[in-house]
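# Residue-level structural notes
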Amino acid sequence: MTESIILALTAVLPAVVLMIYIYKKDRIEKEPKGLLAGLFLLGCVSVIPAVILELLAQGILNAMGIPDDSILYKFLEYFFGVALVEEGCKLFFVYIVTRKSKHFNCLFDGVVYAVFVSLGFAVTENLFYVFENGIGVALLRMVTSIPGHCFFGIIMGYFYGRWFLNHKADQLESYLYQYRLLAPGQKSFKPGRWMLAALTAPTAVHGFYDFSLSLESAVFTLVFFAFLIALYVLCFMGVRKMSRTDNLTGFIYMDMVLRRHPEAVPFVSQIPEFAPFFYGWQQPFVQPLGQQPMQAPPMNPQPPVQQNNDRNF
């Protein structure tokens, strides 16, 4: 009984410590604990579809007739059959829960969401490994696998946050085009590439992590630990920087649009969602207009100001 408790604690506590660390780094506005608990639990649940898909991928690889001890087999297995599957399952749950959440209002929130889902996955996976292999594996995974999943989540969250900004900027730009507040032109923002990066970047890092460890050679063992140390340094440095430079997503994506379309300032300043950035807070790009905002409806579904459809651009 005591041994089981020790094993469970060694499997869970590292993830708890990392979640507390990330939570404390969310400096502008803390995310609701209920939302974070839900994301953690969904991360735990994501192990189920991941295992099913991994078994399916393994069956496909075996059907291809590639020797299972070959480097090609291990490359395909760990990059596609494991890393792509696991990171894809995590990203799916992050996306369906947070993409429309009213609480997703700061850039660092994307990192918080992805890390909590990733560590939920890591805890469930770790419990299986620890109870099957004992305390030695538990202690090793405390400093390798659990932080590894946290690092994959940080990388995913960085790109997921950029997807969110570009998605919202694309919506604002489309709105300005739709109501002829901008001269017709090409759309500037391509959120899809950021979502692709939110999947492929952690998949590449996760795949290399597993692949280098699977080769079981002295050289690749050294490569693995050098890679892990680099992840420790880069990810913790990245988290500190992202925390320090965090800002409201509403301001950031508005700023993105106005840097491309400065002629839209008079129109955007009248939209209630963005008026506080002009008439209240001092921000680095948009300066207050020095007057009270005009009354205007929200972005959807009406235009912010009365327009003449024959306006010459």
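Structure shown above.
A short tour of the structure in this document, coming up. (Residues numbered from 1 in each chain as written. Predicted model: local features only at pLDDT ≥ 70, side-chain atom pairs only at ≥ 80, totals over all residues. Heavy atoms only, no water.)

## Things to note about helix α7 (residues 145–178)
The terminal C-alpha atoms of α7 lie 48 Å apart, and with 34 residues this matches the ideal 50 Å at 1.5 Å per residue to within 8%. Counting buried residues in α7 gives 26 out of 34 residues, a clear majority hidden from the surface. In the stretch just after α7, arginine 180 is the one whose phi turns positive, near 55°. (Helix = DSSP H or I, 4+ residues; strand = E, 2+ residues; numbered from the N terminus. Expected span 1.5 Å × (residues − 1). Buried < 20%, exposed > 50% of the residue type's maximum accessible area, 1.4 Å probe, protein only.)

## A few points about helix α3 (residues 47–63)
In this model α3 runs 24 Å from its N-terminal to its C-terminal C-alpha over 17 residues, within 8% of the 24 Å that 1.5 Å per residue would give. Packed against the buried residues of α3 are α2 (33–45), α4 (71–98) and α5 (109–133). Just past α3, the residue glycine 65 takes up positive phi, approximately 80°. (Contact = heavy atoms within 4.5 Å.)

## Details of the packing of aromatic side chains
Following the criterion strictly, the structure yields 24 aromatic pairs and no others. Measuring from ring centre to ring centre gives 5.4 Å for tyrosine 21 and phenylalanine 236, while their planes differ by 80°; the resulting arrangement is edge-to-face. Placement of tyrosine 21 in helix α1 (residues 2–25) and of phenylalanine 236 in helix α9 (residues 218–244) is noted, with a sequence separation of 215 residues between them. Here phenylalanine 75 and phenylalanine 79 contribute two aromatic rings whose centre-to-centre distance is 4.6 Å and whose plane-to-plane angle is 35°, an arrangement assigned as tilted. (Phe/Tyr/Trp six-rings, centres within 6.5 Å; stacked < 30°, edge-to-face > 60°.)

## Some thoughts on the environment of cysteine 44
Relative to the helices and strands, cysteine 44 is located in helix α2. For cysteine 44, a relative accessible area of 18% gives the class buried. Placed 79 residues apart in sequence, cysteine 44 and valine 123 show a C-alpha to C-alpha distance of 7.1 Å.

## Points about the packing of α2 against α5
Running from amino to carboxyl end, α2 crosses α5 at an angle of 45°, the nearest separation of the two axes being 6 Å. As the angle between them shows, α2 and α5 are arranged oblique. Crossing handedness for the pair α2 and α5: right-handed. For the pair formed by α2 and α5, the contact residues are Leu35, Leu36, Leu39, Phe40, Gly43 and Cys44 on the first element and Val112, Tyr113, Phe116, Val117, Leu119, Gly120, Phe121, Val123 and Thr124 on the second. (Axes fitted to C-alpha atoms, helices over the stretch in contact; angles between N-to-C directions. Parallel < 35°, antiparallel > 145°, perpendicular 65-115°, else oblique. Left-handed = near helix turned anticlockwise from the far one by under 90°.)

## Observations regarding unusual backbone geometry
Its identity is not glycine, yet arginine 180 carries a phi of approximately 55°, on the positive side. Its location among the elements puts arginine 180 in the loop between α7 and α8 (191–214). Using a relative accessible area of 35% as the deciding quantity, one classes arginine 180 as partly exposed. Positive phi values are uncommon outside glycine, yet glutamate 216 reaches one of about 55°. When you line up the elements, glutamate 216 lands in the loop between α8 and α9.

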